[in-house]
Amino acid sequence: MSSDLRDLYQEMILDHCKRPRNFHAMPSPDRKAEGYNPLCGDRETVYLDLEGDVLKDVSFQGAGCAISTASASMMTESVKGKTRAEADALFERFHDLITGKPNGANGPELGKLEVFSGVRGYPVRVKCATLPWHTLKAALDGAGVPVSTESEGPAAESGGA
Amino acid sequence: MSTAVRETGAAYDVAALRSDFPILATRVYGKPLVYLDNAASAQKPLAVIEAERDVYERCYANIHRGVHWLSVHATDAYDAAREKARAFVNARAAHEIIFLRGTTEAVNLVAQTYGRRNVGAGDEVLITGLEHHSNIVPWQMLCEEKGARLSVVPLDEAGEIDPDTLERMLTPRTKLVSVAHLSNALGTVLPVKRIAELAHARGIPVLVDGAQAVPRMPVDVRDLDCDFYAFSSHKIYGPTGVGVLYGKTALLEAMPPWQGGGDMIRSVTFEKTTYNALPYKFEAGTPNITGGIAFGAALDYVSGIGLDRIAAHEHDILAYATEQVSAIEGLKIIGTAREKAGVLSFVLDGVHPHDIGTVLDREGIAIRTGHHCAQPVMERYGLSATARASFGLYNTRGEVDALVAAIHKVVRMFR
């Protein structure tokens, strides 16, 4: 693999893609939401059990590319046990990381989510990495309508032949 | 320009043809560009690039309006492009060639004029399971408005449409049949001549979406006997924003105009407007003048090579690519029709097409990944996406080898 591609497809990402963690439906979750990326047709469902303000359990299911699957898998591990505010802050920091924005001084530690830093070199793949996070947000908001990666910012290419 | 290939009987000189396309010399991430996304849009030869430039440098003005020298010359050049398009698909008359923005606009025009006038509550429009969204959605919009029904001839596992099944789905309520000539997602060539015969036996007109076929095979609308034929300039090595709706004179005459504005009128008062003759009745507003003229240059370019020779070359490349990728373990070709052209869609066990696309991109190879604006086709195969290599007149066996090597790299990475 070229060093460039290795930046994106780091070992840990490939591992989570092949063996996603918390990859199952919940029979009776407190919250769930479906995320959809019309660019590639990926769909992911995120399930949530809450205890007050704390994300007691998080899982997901669906079919996606390596980046979105690994992102979902690692997201579930990262946010489990955190409060909603902590999860929101983590997403914000994660988003900054993969879009190449300079780190804010006081954000939370990303920990192993840092392996997604290579995504910034692949702007068209940012939406793959954020899909599960947007879906988690929708589940927390209890919006009940599927979220689309195309609801943020200018629409990506979804036409053509 | 490559004069070598124009000599009768000369070998197909792909290297000479490649030198007509400046962009093919591009390097991507330090590697030679391998452009295999021709079904999305084809690259442009110098002849087209220079034609655009030439219009702006020598004879640009608005057309069909001015008495001045520039306007007359621009009008002549634009009308000449229309005549080239007529000859290219062998239409009877140049007024049967409506210049529009592209295939999508052509289908919408027919839906909004012929369709709105002739399709009523309880009627049916018949399409097939392999259509591009642009040959689905305009009919859905029409059917919703009219309380009509959209019927869909199913795709079989190979990606073919059975004409007998199609025939059985023609009913007394069917008002129009609209089918692709060549599937953008699967590469299937549809028997559109046979489909037209079947529909005509019941007095039903047929629209053919020829966006993918026109760059890949000789098309003769009189031989096909279709009633409408739509195609785009940008897929046949011309500029974007230009396309053609061919229609039989009698049908076009009977259709109401679509958009109102300049050029489509004969006279206007506040009480009444009389409409212009064909083709202008359907060409409101200032068109893509430069693009239209350069589209003519693109048609000259491919005609100079010969569509039959381009078809033979692409057939060889597709056959070679099919054979080569079939040997890759875990790779499945989606779309295995007996008659195919230009398009190779595939999936790879355990690897999402998006990841295939990213890895190939870093090898300099441009393919399309996704649903190809044909989500019902993807659904038919239980997929959300495929990877698609699509070929043009300038692709080589060497480029197929690069594709195959890159797919092997994908396999090594993800397994």
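Residues numbered from 1 in each chain as written. Chains lettered and ligands numbered in written order. Predicted model: local features only at pLDDT ≥ 70, side-chain atom pairs only at ≥ 80, totals over all residues.

**Notes on the overall build of chain B**
At step 1: Looking only at helices and strands, one finds 14 helices and 17 strands in chain B.
At step 2: Taken along the three principal axes of its C-alpha coordinates, chain B extends 70 × 55 × 40 Å.
At step 3: The proportion of buried residues among the 415 residues of chain B is 50%.
At step 4: For chain B, restricting intrachain contacts to residue pairs at least 6 apart in sequence, the fraction spanning at least 24 positions comes to 69%. (Helix = DSSP H or I, 4+ residues; strand = E, 2+ residues; numbered from the N terminus. Buried ≥ 20, exposed ≤ 12 C-beta atoms within 10 Å, placed from the backbone. Contact = placed C-beta atoms within 7 Å.)

**Digging into the environment of Ser71 of chain B**
Residue and element names in this part refer to chain B.
At step 1: Its location among the elements puts Ser71 in helix 3 (residues 69-89).
At step 2: Through-space distance from the C-alpha of Ser71 to that of Ala61 is 4.9 Å; in sequence the pair is ten residues apart.
At step 3: Setting aside residues up to four positions removed in sequence, Ser71 forms contacts with Ala61, Asn62, Ile63, Arg65 and Gly66.

**Details of the interface of chain B and chain A**
At step 1: Every contact between the two is made by 21 residues of chain B and, on the other side, 21 residues of chain A.
At step 2: Looking at the side of chain B that touches chain A, the elements that each hand over two or more residues are helix 12 (353-362), strand 16 (368-370) and helix 14 (397-414) of chain B.
At step 3: Of the residues forming the side of chain B that touches chain A, the biggest block, five residues, is contributed by helix 12 of chain B.
At step 4: Grouping the constituent residues of the side of chain B that touches chain A by class yields nine nonpolar, ten polar and two charged. (Nonpolar A, V, L, I, M, F, W, Y, C, P; charged D, E, K, R; others polar.)

**What to know about the packing of helix 3 of chain B against helix 10 (residues 289-305) of chain B**
All names here are of chain B.
At step 1: At a minimum axis separation of 8 Å, helix 3 and helix 10 run at an interaxial angle of 40°. Here helix 3 lies oblique to helix 10, going by the angle between them. Like other packed secondary-structure pairs, helix 3 and helix 10 cross with a definite hand, here left-handed. In contact with Ala74, Ala77, Tyr78, Ala80, Ala81, Lys84, Ala85 and Phe88 of helix 3, helix 10 contributes Ile289, Gly292, Ile293, Phe295, Gly296, Leu299, Asp300 and Ser303.
At step 2: For the contact of helix 3 with helix 10, a count of residues per class yields eleven nonpolar, three polar and two charged. (Axes fitted to C-alpha atoms, helices over the stretch in contact; angles between N-to-C directions. Parallel < 35°, antiparallel > 145°, perpendicular 65-115°, else oblique. Left-handed = near helix turned anticlockwise from the far one by under 90°.)

**Looking at the confidence of the model for chain A**
Residue and element names in this part refer to chain A.
At step 1: For chain A, mean pLDDT is 86; residues scoring 70 or higher make up 85% of the total.
At step 2: Averaged pLDDT values over the elements of chain A bottom out at 70 in strand 4 (residues 147-148) and peak at 96 in helix 3 (residues 66-79).
At step 3: Of the regions scoring below 50 in pLDDT, residues 152-161 engages in 18 contacts with residues more than four places distant in sequence or in other chains. (pLDDT = per-residue confidence, 0-100.)

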